[in-house]
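Observations on the three-dimensional arrangement
Chain residues, written in single-letter form:
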Amino acid sequence: MRQRMLLVKASNDVCSTEVAHIEKICDMFRIDHEVLELTSLETFQEEAKALGKFDYLYLGAHADQYGFGEASGTPGYSWDHFAITLCSADCLNPESVLLLGCCRGGLRMVAMSLFLACTKIDYVVGPRWTVTPQDITTAFHVFLYNLAVRREQPSTAAARSSSATGYDFYYYDRVEIEDSVNSNIMMEKIIKAWGLDDDESAP
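Remember, it's a predicted structure, so these values are computed and weren't measured experimentally.

Parameters at a glance
- Residues numbered from 1 in each chain as written.
- Predicted model: local features only at pLDDT ≥ 70, side-chain atom pairs only at ≥ 80, totals over all residues.
- Heavy atoms only, no water.
- Buried < 20%, exposed > 50% of the residue type's maximum accessible area, 1.4 Å probe, protein only.
- Helix = DSSP H or I, 4+ residues; strand = E, 2+ residues; numbered from the N terminus.
- Pairing = 2+ DSSP bridges.
- Contact = heavy atoms within 4.5 Å.
- Axes fitted to C-alpha atoms, helices over the stretch in contact; angles between N-to-C directions.
- Disulfide = S-S within 2.5 Å.
- Salt bridge = Lys/Arg side-chain N within 4 Å of Asp/Glu carboxyl O.
- Expected span 1.5 Å × (residues − 1).
- Arc of directions from axis to C-beta.
- Phe/Tyr/Trp six-rings, centres within 6.5 Å; stacked < 30°, edge-to-face > 60°.
- Lys NZ or Arg CZ within 6 Å of the ring centre and 35° of its normal.

1. Observations concerning the pairing of strand E9 (residues 169–173)
Burial of E9 is extensive: four of the five residues sit out of reach of the surface. Sheet topology note: the strand E8 (residues 123–127)/E9 ladder contains five bridges and is antiparallel. Its bridge partner being in E9, Tyr-123 is matched across the sheet by Asp-173.

Next comes the structure, spelled out in structure tokens:
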């Protein structure tokens, strides 16, 4: 069965060339795709649900660590509200990847907001800094090639995207994040049980 991508245009000035480039990449790698313009979270939820489930979701927008939308900031959508909408739409397959085609989409704070608000989001990829549409489409071309064609692990695909563009593209894995959090919680419990201060080490 062919994989599917949902391309979400969440800003009026996301250029048509950018979206068309991602569509052509999908065609090249035999990934079926649909395009939606985000006008409200309520409408998006209904439209996305009607289209079925996807293996990739590409979001084209302006963004910061708190949310995304138009360059002016109005309208704008918080990351956690968007994640809740994705969960309600039930439009993501297991192991799906969110490709955040926006500045700051690769911040850890963004990934954590998405993971905490929706358990159906498994991977998040995006740039850590300010980038151009050319940077984004080139990076995701390389990412998808390595992931969908070469069958590399997401961390390798993201590293090669960074090498190709000269900008840092980060990927976050829900399982790795949860493992890190659970490990820290377990260590805190061990330290407390042994009556150790933070500066002391276990015998």
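2. What to know about the sheet that holds strand E4 (residues 62–63)
Sheet architecture is open: three strands sit in the order E4-E5-E6, paired in antiparallel fashion. Both edges of this open sheet fall to E4 and strand E6 (76–78), since each of them pairs with a single strand only. Across the sheet, helix H3 (residues 79–89) lies against E4, strand E5 (67–69) and E6, angled at about 75 degrees from E6, the strand it touches most.

3. What about the state of the cysteines?
Scanning all chains against the criterion turns up one disulfide. The side chain of Cys-87 participates in a disulfide bridge whose partner is Cys-118; the two sulfur atoms lie 2.2 Å from each other. Residues Cys-87 and Cys-118 are joined by a disulfide whose S-S torsion is about 95 degrees; by sign, that bridge is right-handed. On the criterion of sequence distance, the pair formed by Cys-87 in helix H3 and Cys-118 in the loop between helix H4 (108–117) and E8 is long-range, its members being 31 residues apart. Sulfur of Cys-102: no disulfide; nearest cysteine sulfur belongs to Cys-103 and is 7.4 Å away. For Cys-102, a relative accessible area of 0% gives the class buried.

4. Focus: the environment of Gly-69
Considering the arrangement of structural elements, one finds Gly-69 in strand E5. The spatial distance from the C-alpha of Gly-69 to the C-alpha of Leu-38 is 9.0 Å, given a sequence separation of 31 residues. Not counting residues up to four positions away in its chain, the partners in contact with Gly-69 are Ala-10, Ser-11, Ala-61, His-62 and Pro-75.

5. Quick word on the sheet that holds E8
An order of E2-E1-E3-E7-E8-E9 is seen for the six strands of this open sheet, with the pairing classed as mixed. Of all the strands in the sheet, just strand E2 (31–37) and E9 have a single pairing partner and so form its edges. Sheet twist, expressed as the average angle between the axes of neighbouring strands with direction ignored, equals 15 degrees. Here seven bridges tie strand E1 (residues 3–9) to E2, and the two strands are oriented parallel to one another. Residue Val-8 lies in a different strand from E2, and its bridge partner there is Leu-36.

6. Focus: the pairing of E8
Burial analysis of E8 places five of its five residues in the buried class, the great majority of the element. Of the two faces of E8, the one lined by Tyr-123, Val-125 and Pro-127 and the one lined by Val-124 and Gly-126 are each fully buried.

7. Considerations on the pattern of salt bridges
Tallying each qualifying case throughout the model produces six salt bridges. One salt bridge in this structure joins Lys-120 and Asp-90, with 3.0 Å as the shortest N-O distance. Of this pair, Lys-120 sits in the loop between H4 and E8 while Asp-90 sits in the loop between H3 and strand E7 (92–101); the two residues are 30 residues apart in sequence, bridging distant segments of the chain. Of the residues examined, Asp-90 reaches a relative accessible area of 27% and is grouped as partly exposed.

8. A short note on helix H1 (residues 16–28)
With 13 residues, H1 should cover 18 Å at 1.5 Å per step; its first-to-last C-alpha distance of 18 Å lies within 8% of that length. All of the buried residues along H1 are Glu-18, Val-19, Ile-22, Ile-25 and Cys-26. Taken around the axis of H1, the buried residues stretch over an arc of 120 degrees, which confines them to a single face. Facing away from the buried side of H1 by over 90 degrees, the exposed positions are Ser-16, Thr-17, Lys-24 and Met-28.

9. Some remarks on the packing of aromatic side chains
Applying the stated criterion across every chain yields a total of 10 aromatic pairs. Each ring, one from Phe-68 and one from Trp-79, has its centre 5.0 Å from the other, and the planes form 40 degrees; the classification is tilted. Of the two residues, Phe-68 sits in strand E5 while Trp-79 sits in helix H3, which places them 11 residues apart along the sequence. Each ring, one from Phe-68 and one from Phe-82, has its centre 5.0 Å from the other, and the planes form 80 degrees; the classification is edge-to-face. Here the residue Phe-68 occupies a position in strand E5, and Phe-82 occupies one in helix H3, the gap between them amounting to 14 residues. Taking the relative accessible area as the measure of exposure, Phe-68 reaches 3% and is therefore buried. Look at Phe-82 and you get buried, because its relative accessible area is 0%. Cluster of aromatic residues (ring-pair linked, three or more members): Phe-44, Phe-68, Tyr-77, Trp-79 and Phe-82. Sitting above the plane of the Tyr-170 ring, Arg-128 keeps its charged end 4.5 Å from the centroid.

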